[in-house]
Structure formats: C-alpha cells, structure tokens
Amino acid sequence: MHLLGIEVSFHFYYIESLKEKRRIMRSIIDHVQSRYKISAAEVGYLDSLERGAIGFGVVSNSRKQAEKVLQKVINHIDIQSEIEIIHIDWIEA
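For clarity, every value in this text was computed on a predicted model and none was experimentally measured.

Calculation rules
- Residues numbered from 1 in each chain as written.
- Predicted model: local features only at pLDDT ≥ 70, side-chain atom pairs only at ≥ 80, totals over all residues.
- Heavy atoms only, no water.
- Axes fitted to C-alpha atoms, helices over the stretch in contact; angles between N-to-C directions.
- Helix = DSSP H or I, 4+ residues; strand = E, 2+ residues; numbered from the N terminus.
- Left-handed = near helix turned anticlockwise from the far one by under 90°.
- Contact = heavy atoms within 4.5 Å.
- Nonpolar A, V, L, I, M, F, W, Y, C, P; charged D, E, K, R; others polar.
- Expected span 1.5 Å × (residues − 1).
- Buried < 20%, exposed > 50% of the residue type's maximum accessible area, 1.4 Å probe, protein only.
- Arc of directions from axis to C-beta.
- Pairing = 2+ DSSP bridges.
- Salt bridge = Lys/Arg side-chain N within 4 Å of Asp/Glu carboxyl O.

## Considering the packing of helix H1 (residues 18–36) against helix H2 (residues 63–78)
Each packed pair of helices is defined by two parameters, the angle between the axes and the distance between the axes.
Link 1 in the chain: Between H1 and H2, the shortest axis-to-axis distance is 11 Å and the interhelical angle comes to 145°. When you trace H1 past H2, the crossing you get is right-handed. Between H1 and H2, the contacting residues are Ile28, His31, Val32 and Tyr36 on the first element and Val69, Lys72, Val73, His76 and Ile77 on the second.
Link 2 in the chain: When its residues are assigned to classes, the contact of H1 with H2 shows six nonpolar, two polar and one charged.

Rendered as structure tokens:
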C-alpha cells in the first residue's frame, strides 16, 4: 500500500475578497474530489488574498498509479485562469 500526497501552493490573480477566493478553492477541491476520487483540503494561507494551498492525498496499491493520479490533478489545477502554481511539495508516507 502506498500513501502519496502533494501540497500545491499557488498565487491568485484578480481576487478582491476572501469570499471569492474561497469560492475558487471550493470549486477546485470539489471538482478534483469528484473526478479523481481523492482526498483534498485547503491547508494554507487561509487569510491571504494572494496565496493559497491545497493538499491532496491518494492511497493506492501502486506508487506509479498514485503519482499518475496526482499529476493529473496538477494538470487540472494548472489550467485554471485565476491561479498560478508556484510550488508543489510531494509527500510519501
């Protein structure tokens, strides 16, 4: 069994309120969870308008499969026009 996770930190563009930021974060989390069936939560920069971080976790029999799923998640986030990924931490347990 392999437990693999990532923490994706990003920068927001054109955000004027925390409410708008939370809407975007919730949208990303909900879509990724329903599409890829993985765990996700907002994990950092909770009170910042310009930055955010979401953690994603996968449990799999294959490390390669877990990496593949998380790479798809990164690609999905990367196409969001409101944000830019600035750092990705890979975590293995």
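Text resumes after the structure shown.
## A word on H1
Link 1 in the chain: Counted at 1.5 Å a residue, the expected span for H1 with its 19 residues is 27 Å, and the 27 Å between its end C-alpha atoms agrees.
Link 2 in the chain: If you check which residues of H1 are buried, you get Lys21, Ile24, Met25, Ile28, Ile29, Val32 and Tyr36. In an axial view of H1, the angular spread of the buried residues amounts to 125°, which keeps them on one side of the axis.
Link 3 in the chain: On its buried face, H1 sits against strand E1 (2–12), strand E2 (39–44), strand E3 (51–60), H2 and strand E4 (83–92).
Link 4 in the chain: Phi turns positive one or two residues past the end of H1, at lysine 37, with a value near 55°.

## Description of the pairing of E1
Link 1 in the chain: As defined by bridge partners, E1 adjoins E3 across ten bridges and the pair is classed as antiparallel. Following the sheet pairing, serine 9 is matched in E3 by alanine 53.
Link 2 in the chain: Sheet topology places E1 next to E4; nine bridges connect them, and they run antiparallel. Within the sheet, the bridge partner assigned to serine 9 lies in E4 and is histidine 87.

## Describing the sheet that holds E4
To summarise the sheet geometry, strands pair through backbone hydrogen bonds and adopt either a parallel or an antiparallel arrangement.
Link 1 in the chain: Ordered in space as E2-E3-E1-E4, the four strands form an open sheet in which the pairing is antiparallel. Strands with a single pairing partner mark the edges of an open sheet, and in this sheet they are E2 and E4. This sheet shows a mean twist of 25° between the axes of neighbouring strands, independent of strand direction.
Link 2 in the chain: Along the sheet, H2 makes contact with E1, E3 and E4, crossing E4 at roughly 165°.

## Topic: the pattern of salt bridges
Link 1 in the chain: According to the stated counting rule, one finds three salt bridges in the structure shown.
Link 2 in the chain: Here aspartate 30 ties to arginine 26 by a salt bridge, and the two come within 3.1 Å at their closest N and O atoms. One end of the pair is aspartate 30 and the other is arginine 26, both in helix H1 and four residues apart, which spans about a single turn.
Link 3 in the chain: Between glutamate 92 and arginine 63 there is a salt bridge, with its nearest N and O atoms 2.8 Å apart.

## Quick look at unusual backbone geometry
The general pattern is negative phi for most residues beyond glycine and trans for most peptide bonds.
Link 1 in the chain: Not every positive phi belongs to a glycine, and lysine 37 is a case in point at roughly 55°.
Link 2 in the chain: With respect to the helices and strands, lysine 37 occurs in the loop between H1 and E2.
Link 3 in the chain: Assessed through its relative accessible area of 67%, lysine 37 is described here as exposed.
Link 4 in the chain: Although it is not a glycine, tyrosine 45 adopts a positive phi angle of roughly 55°.
Link 5 in the chain: As for its placement among the helices and strands, tyrosine 45 is situated in the loop between E2 and E3.
Link 6 in the chain: Note on tyrosine 45: relative accessible area 36%, which makes it partly exposed.

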